[in-house]
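Next come the chains, spelled out residue by residue.
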Amino acid sequence: MSKISKIIDTAVKVNGSIDKKLRLDKTDEQFYENHVVHTDNDKYTYESLTETASFLRKQVPFKPVIGIICGSGMGAYWNQGCLADALDGKIQFPYEVIPHFPRSTVKGHVGELVFGYLTGVPVVCMKGRFHYYEGYPLWKCAMPVRVMKLLGITHLIVSNAAGGLNPNFKVGDIMLVKDHINLMGFAGNNPLQGPNDDRFGPRFPPMNTAYSKELIIEAKKVAEELNMQDIIHEGVYTCLGGPNFETVAELKMLSMLGADTVGMSTVHEVITARHCDLTVFAFSLITNLCITNYKTASNPNHEEVIDVGKMRESVLQLFVQNIVTVIAKQANK
Ligand SMILES: O=P(O)(O)O[C@H]1O[C@H](CO)[C@@H](O)[C@H]1O
């Protein structure tokens, strides 16, 4: 007896005659289609993502070892100045030419997957990412992570722009992410929802070691070498669905929960990356301070997020280049 028939049998015992009719009328597949709640992510199968990876592999003569997600804080939204633009021997793929890839919808932003060398290390950069507020489900926002895994990366560097909740943070500071709060997950929304393919990872992956402690230590050393120690912090990131910025009451609540920065990305990418056993390093660029009192009349806005990203462009590029060098050295040990 197949698994599905067993489920039907159990359902019959619990629910009596209504499900009995199902058992008589439906094949396993029909039952699955009609009665198992799923999220459509079963259309992005291991096989279809392998197709995406082979399309890219055929056109790129080297294997990337590190994936880098460049968000709003890393120049994804302006043309030159993104870390991805600084790669040597660049090969660029606009998202719309890549089979099965989502399309970038953020205004003025051409999303691209860019392959190349950073300080001699082969990497692949996402210039721009997919957000839940663009209308994509979380598994779709995070699917490029699986494609990069299939291409051979072992490490993922994730950058984001975020609001600073921790009162010690200043605009332009950098927070190394040591943990996250998956708020959307609390509400039952998770990129790993739906059928699990063990070839990517286990059904129930742990998340208590999501962010590499070793790389955080190394990043602090890099920050000292670059004389950036005064702007570096360590803390907890949380992601909301967006696109609106938060209310005062929401921010007060997030602060009580232990969040140090707030954004609209990263968490689902990191969950997907850890599911397929990638080593993760992530950081937030503090682009604005969260407003946690009713007296402040100013409003957060995307323009200031972009401006602070531009202001920190060269520092962040240097920082990431050095982290890449450290990872490559560790890998060659
Ligand atoms: O997380 P990234 O993509 O860096 O960008 C952050 O900045 C945008 C809001 O200004 C949102 O997309 C938020 O998530």
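What you see is a predicted model; the values in this text were computed from it and never measured. Starting from 1, residues in each chain are numbered consecutively following that chain's sequence as written. Predicted model: local features are reported for residues with pLDDT of at least 70 only, side-chain atom pairs are reported and counted for 80 or more only, and whole-chain, interface and lining totals are derived from all residues. Side-chain measures were taken over the full set of non-hydrogen atoms in the model, leaving aside hydrogen atoms and water.

*Asks:* Summarise the overall build of the protein; cite the residues concerned and give the values.
*Replies:* In this text, helices come from DSSP runs of H or I with a minimum length of four residues, and strands from runs of E with a minimum of two, each type numbered from the N-terminal end. Looking only at helices and strands, the protein has 12 helices and 9 strands in total. Per-residue burial over the protein gives 53% buried out of 333 residues. The contact rule is simple, with two residues in contact once any of their heavy atoms fall within 4.5 Å. Taking contacts inside the protein between residues at least 6 apart in sequence as the whole, the part at least 24 apart equals 80%. When the accessible surface of the protein is summed, it comes to about 15,700 Å², and 54% of that surface belongs to carbon and sulfur atoms. Exposure classes here rest on a 1.4 Å probe applied to the protein chains alone. A residue is buried below 20% of its type maximum, exposed above 50%, and partly exposed in between. In short, Shrake-Rupley with a 1.4 Å probe defines the accessible areas, and a residue's cover is counted only from the protein chains shown.

*Asks:* Run through the pairing of strand β5 (residues 155-164), naming residues and quoting values.
*Replies:* Where burial is concerned, most of β5 is hidden: 10 out of the 10 residues are buried. A pair of strands counts as paired when DSSP detects no fewer than two bridges linking them. As paired elements, strand β1 (residues 66-70) and β5 share 4 bridges and run parallel to each other. When the sheet's bridge partners are listed, I68 is paired in β5 with I157. Looking at chain direction, β5 and strand β9 (residues 279-289) are connected through 10 bridges and run parallel. Bridging across to β9, H155 finds its partner in T279. Across 2 bridges, β5 lies against strand β8 (residues 261-263) in antiparallel orientation. Each bridged residue has a counterpart across the sheet, and for G163 the counterpart in β8 is V262.

*Asks:* An account of the nonpolar core is needed here, citing residue identities and associated values.
*Replies:* By nonpolar core we mean a set of buried residues, namely Ala, Val, Leu, Ile, Met, Phe, Trp, Tyr and Cys, connected to one another through side-chain atoms within 4.5 Å. In terms of nonpolar packing, the biggest core is built from 49 residues, with L56, F101, L113, F115 and L156 touching the most fellow members. A per-element tally of this core places helix α6 (residues 143-151) first, with 6 residues. The next biggest cluster of nonpolar side chains, apart from the first, holds 36 residues, and it includes C70, L87, A223 and I232.

*Asks:* I'd like a rundown of helix α8 (residues 213-225), residues and numbers included.
*Replies:* Here the expected length of a helix is defined as 1.5 Å per residue gap, with one fewer gap than residues. The terminal C-alpha atoms of α8, which comprises 13 residues, lie 19 Å apart, in line with the 18 Å expected from a rise of 1.5 Å per residue. For α8, the full list of buried residues reads L215, I216, E218, A219, V222 and A223. Considered in projection along α8, the buried side chains sweep an arc of 165° and stay on one side of the axis. Of the exposed residues in α8, the ones pointing more than 90 degrees away from its buried face are K213, E214, E224 and E225. Think of the arc as the fan of directions from the helix axis to the C-beta atoms.

*Asks:* Can you explain the site of the ligand? Please cite residues and give values.
*Replies:* Note on terminology: near, applied to a residue and a molecule or strand, indicates that one of the residue's heavy atoms is within 4 Å of it. In the neighbourhood of the ligand, the contacting residues comprise G71, S72, R129, H131, Y133, N160, A161, F245, M264, S265, H302 and V305. Any pair of N or O atoms that falls within 3.5 Å is considered a polar contact. Within protein, one atom must be able to donate a hydrogen and the other to accept it, and sequence-neighbouring residues count only if both atoms are side-chain atoms. With respect to the ligand, the side chain of S265 contributes an N or O atom lying 2.6 Å from an oxygen atom. Coverage of the ligand by the protein chains reaches 96% of its 340 Å² of free accessible surface. Those elements that provide at least two residues to the shell around the ligand are β5 and α11 (302-311). Following the grouping adopted for this structure description, the nonpolar residues are Ala, Val, Leu, Ile, Met, Phe, Trp, Tyr, Cys and Pro, the charged ones are Asp, Glu, Lys and Arg, and the polar ones are all others, Gly among them. Looking at the shell around the ligand, its residues break down into 5 nonpolar, 6 polar and 1 charged.

*Asks:* Kindly report on the state of the cysteines, identifying the contributing residues and their values.
*Replies:* Any two cysteine sulfur atoms within 2.5 Å of one another count as a disulfide. Tallied over the entire structure, the rule returns 0 disulfides. Take C141: it sits in no disulfide, and the sulfur closest to it among the cysteines is that of C239, at 8.8 Å.

*Asks:* Lay out the side chain of E134 in plain terms, naming residues and giving numbers.
*Replies:* Checked against the element boundaries, E134 lands in the loop between β4 (121-127) and α5 (138-141). Residues scored as charged are limited to Lys and Arg (positive) and Asp and Glu (negative), so that His and the chain ends carry no count. Salt bridges are defined as contacts in which a side-chain nitrogen from Lys or Arg sits within 4 Å of a carboxyl oxygen from Asp or Glu. Among buried Asp, Glu, Lys and Arg side chains, E134 stands out as unpaired, with R129 the closest opposite charge at 8.1 Å. Of the polar contacts made by the side chain of E134, one reaches the backbone nitrogen of H131; its length is 2.7 Å.

*Asks:* Explain helix α10 (residues 267-275) to me, using residue names and the numbers behind them.
*Replies:* Judged by how many residues are buried, α10 sits mostly within the fold: 9 of 9 residues are covered. Burial in α10 covers these residues: V267, H268, E269, V270, I271, T272, A273, R274 and H275.

*Asks:* I'd like a description of the pairing of β4, backed by residues and values.
*Replies:* The buried count for β4 comes to 7 of 7 residues, which makes it a mostly enclosed element. Here β4 shows no split at all, with V121, V123, C125 and K127 on one side and P122, V124 and M126 on the other all buried. In this sheet, β4 lies alongside β1 in parallel orientation, the contact comprising 5 bridges. In the sheet register, C70 faces β4, and the bridge partner there is K127. As defined by bridge partners, strand β3 (residues 112-118) adjoins β4 across 7 bridges and the pair is classed as antiparallel. Residue pairing in the sheet places L118 in a bridge with V121 of β4.

*Asks:* Tell me about the pattern of salt bridges, and please be specific about residues and values.
*Replies:* Opposite charge on two side chains makes pairing possible when the charged atoms of those side chains draw close. On inspection of all chains with the given rule, the structure shows 6 salt bridges. Between R199 and E47 there is a salt bridge, with the nearest N and O atoms lying 2.9 Å from each other. In this pair, R199 is assigned in the loop between α7 (183-186) and α8 and E47 in helix α4 (residues 46-59), connecting sequence segments 152 residues apart. Relative accessible area serves as the criterion here: at 47%, R199 is assigned to the partly exposed category.

*Asks:* Tell me about the confidence of the model for the protein, and name the residues and values.
*Replies:* For every residue, the predictor assigns a confidence score, pLDDT, that lies between 0 and 100. Put simply, the protein has an average pLDDT of 88, and 84% of its residues get 70 or more. Segment residues 1-26 is flagged for pLDDT under 50; beyond a separation of four residues in sequence, or across chains, it makes 22 contacts in the model. Interface scoring of the predicted complex returns ipTM 0.99; its pTM is 0.89.

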